[in-house]
Structures are given as C-alpha cells and as structure tokens.
Amino acid sequence: MTLIDASAPTAAPMAAPATPPAPPAGVFARPSRQVEVYDFRRPTTLAREHSRVLELAFDTFARQWGTQLTAKVRVLSQVTCEQVGMYTYDEYASSLPATTAMVLCPLEGIGPKAVVQFPSAAALTWVSHMLGALKPAPTPERTFTPIEQALVRRLMEDALDDLRYSFGSLLVDQIGIGGFQYNSQFAQAAQKSDLMIVASFEIRVGERVAPGTVAIPAEVLLPQLGEANPTINSADARELLGAQLAGVPVGVSLQFAPAAVVPSVVLGLAVGDVLPLPHPQNRPLAIVVDGQPVGRAAVGANGSRLAGIVVSTSLTGTEEGTS
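Just so we're clear, the structure is a prediction, and the values are computed from it rather than from any experiment. (Residues numbered from 1 in each chain as written. Predicted model: local features only at pLDDT ≥ 70, side-chain atom pairs only at ≥ 80, totals over all residues. Heavy atoms only, no water.)

Points about the pairing of strand E10 (residues 305–313)
Note the threshold: Pairing between strands requires that DSSP locate at least two bridges from one strand to the other. For the purposes of this entry, the term helix denotes a DSSP run of H or I that reaches at least four residues, the term strand denotes a run of E that reaches at least two, and both are numbered from the N terminus.
In terms of strand pairing, strand E9 (residues 292–302) meets E10 through 8 bridges, oriented antiparallel. From the neighbouring strand, Ala298 faces E10, where its bridge partner is Ile309. If you look at the hairpin formed by E9 and E10, you'll find 2 residues sitting between the two strands, and Gly303 has a positive phi there, around 70°.

Written out as structure tokens, the structure is:
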C-alpha cells in the first residue's frame, strides 16, 4: 500500500499548445499562397506573332459567321471574338458547361478533332427563328431532335466554310462535320494533353446573347505559322547589315559651290540684296548626302517639279551625258 503526502506539491498539468494570436482589428490576414504546377513539356501561351495572326483570322471568321447567321435565321446577328489562347484539351473541356452542344469536326490525316461549341438552348432559338418564330420562348438545355439537328448541321456547314475562308493557308487540312455531343466531359475530341487553339465568342442573335467557343488542334495551325523567334546564321551578318542599311532613308540635296564672305556681310543682309555665288552657270550642282558629296547633277524638271539629272558619281568616277 502506497501512502501519498497531500502536503507535497503536485506536478503542474501539461499546458495546451499556444494558439497564434488573432490579427488586430482592421488588419486583414494574408491569404495562403497556392502553388501552381508548371508543365515544362508544353508552352503555356502563344507567341506574340502567332497570337496576332490567329486573332486576325478569328476576327474575320466572327464577322463572316455573323453575316451567315443573319442570312439563315433572318434576324440581325453579330459574332464577336473575345479571346484567343492555347490550352490542353482537358483544360478546355473543364471550362465548358456540363451540358452544352458540341459539334465535333474531324480533320483529315490527324486524330484530334476541332470543336464548335455553343449552348443548345441558343441553337434551339436559332432554329425557331429559321422556322418563322418572331420571339421564341426560352428553352432548357437538351438534345436536338433529328429535324433540329439537321438544321443546326446546315448552320455549321456554313460556319465551317467561313472558317476555311478566314484562315486561308493556315488551315491546310480538310475539315468536316462529325457527330454532336451534349456532355462536355464525355466528348472525346482529343487526348487530355493535346494542345488546342481556343477562341471564345459572343454570339448575339436578335436580343439574345450566348457564349461560344471554337477549338482547333494546335498541330494543325502552328506549322503554318512558322517559328516565333527564328535563329539567324552569324555568317549572314554582313549581308543582313547591308540590307538593313540599304533601307534606311537619308537626306539628299543639290548644292552650289559655297561662297566665302566676312561676318559683316552676313550681318548686313537685307531683303532684296544680291549675294553672288562662285558657281558657273554651266557647272552641275553637287549631290550631297548628309554633308558628304557623292556626285554631280544638272538641274532639270520632272513634270511640275524640279529634279536633278545625275551626270557623274564620285563612287564610280563615271560621267554621263545630259542629253
């Protein structure tokens, strides 16, 4: 049996771990930083030169598509390109609504397909206008009936014609219309890691506005765009420098022989004074480029303007007749 002395001091209880003090009132806590994983196997953005060319092509396509929609649905329509970027197919598919209309467009010779995406409710509104409705009632997102799909397919055929016209030599592969998909997560247009050139649009038909996207495999367009920063052979530096200098504008003037006068004559010049020049009348004028004489020229005319007829050049030492 063990006796315990009540008068002996007992061990202090273990202290709870200290919690960080709350920030003072009026001071916002700094949010935790999130680390974004960078994939070195692919570029994340388009080169500036490539991006500009693609933006011009998609802008042209947007104008053509808007004109086609106006003619087909018989309602004033406008399509505006908002943004162009390069993403993986997985990133592109994840950015789309779960339920939407996706037109898969196979390309000749490659596996990935191009995609034209828009809300199915917007497409149903276009179909209603085509069938004569003035103000179609709002419809939910749903799949197309066979008749609706045939009408939408016709609209997409015209849109692909506009796409071929707008891209010209950038789109060398034949493109057509495949199937329709209504679930963005199940549509297998490309592998997850395949790069896609994605353009987002605002589609306005009448008073209704809907978003839309067009995605084209990067391997279809990038080869025609060339290198963003092509390398230059150092052996061609002399020729490149000469070509650049040959295109730099310089000032050319025709000058008389200078006359030597004292400062008092210059200070005493007035309107109407005659200043004799030691330049014979039959002597050509000097051709001067930035203060350096390079030849001689006689005074002539070119239409209603004065001109200089070159009679000799100091670079070659030759002299030609002035007839």
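Notes on the pairing of strand E2 (residues 99–105)
For clarity, the threshold we go by: Type-normalised accessible area, obtained with a 1.4 Å probe on protein chains alone, sets the label of each residue: buried when under 20%, exposed when over 50%, and partly exposed for intermediate values.
The buried fraction of E2 amounts to 6 of the 7 residues, a majority that puts the element mostly inside the structure. Pairing of E2 with strand E3 (residues 114–118) involves 5 bridges; the strand directions are antiparallel. Bridging from a neighbouring strand, Cys105 pairs with Ala114 of E3.

Re the environment of Phe167
In plain terms, the rule: The contact criterion used is simple: two residues touch if any of their non-hydrogen atoms lie within 4.5 Å.
Here Phe167 shows up in helix H4 (residues 146–167). For Phe167, a relative accessible area of 4% translates into the label buried. Separated by 110 residues in sequence, Phe167 and Ala57 have C-alpha atoms that sit 5.4 Å apart. If we ignore the near neighbours within four places in the chain, the residues touching Phe167 are Leu54, Ala57, Phe58, Ile216 and Leu221.

Focus: the packing of aromatic side chains
Cut-off, in case you're wondering: Think of it this way: a Phe, Tyr or Trp ring, Trp meaning its six-membered ring, pairs with another when their centres are within 6.5 Å, and the plane angle makes it stacked under 30 degrees, edge-to-face over 60, tilted otherwise.
If you walk through the whole model with that rule in mind, you get 9 aromatic pairs. When the centroid spacing of 5.3 Å and the interplanar angle of 25° are considered together, the rings of Phe61 and Trp65 count as stacked. Taken as a pair, Phe61 and Trp65 lie in helix H1 (residues 48–73) at a separation of 4 residues, close to a single helical turn. On the basis of relative accessible area, Trp65 is assigned to the buried category, the value being 2%. Between Phe144 and Phe180, the ring centres sit 6.1 Å apart and the planes meet at 75°, which makes this aromatic pair edge-to-face.

Observations regarding the packing of H1 against helix H5 (residues 218–225)
Filter applied, for reference: An axis is simply a line fitted to the C-alpha atoms; with a helix, the fit covers only the stretch in contact. Between two such axes, the angle follows the N-to-C directions and lies from 0 to 180 degrees. Reported orientations rely on four angle classes, namely roughly parallel under 35 degrees, roughly antiparallel over 145, roughly perpendicular from 65 to 115, and oblique for the rest. Here a crossing is called left-handed whenever its near helix is offset anticlockwise from the far helix by less than a right angle, and right-handed whenever the offset is clockwise.
Across the interface, H1 lies against H5 with an axial gap of 11 Å and an inter-helix angle of 110°. Comparing the axis directions of H1 and H5 gives the class roughly perpendicular. Handedness of the crossing formed by H1 with H5: right-handed. Contact residues: His50, Val53 and Leu54 in H1; Leu221, Leu222 and Leu225 in H5.

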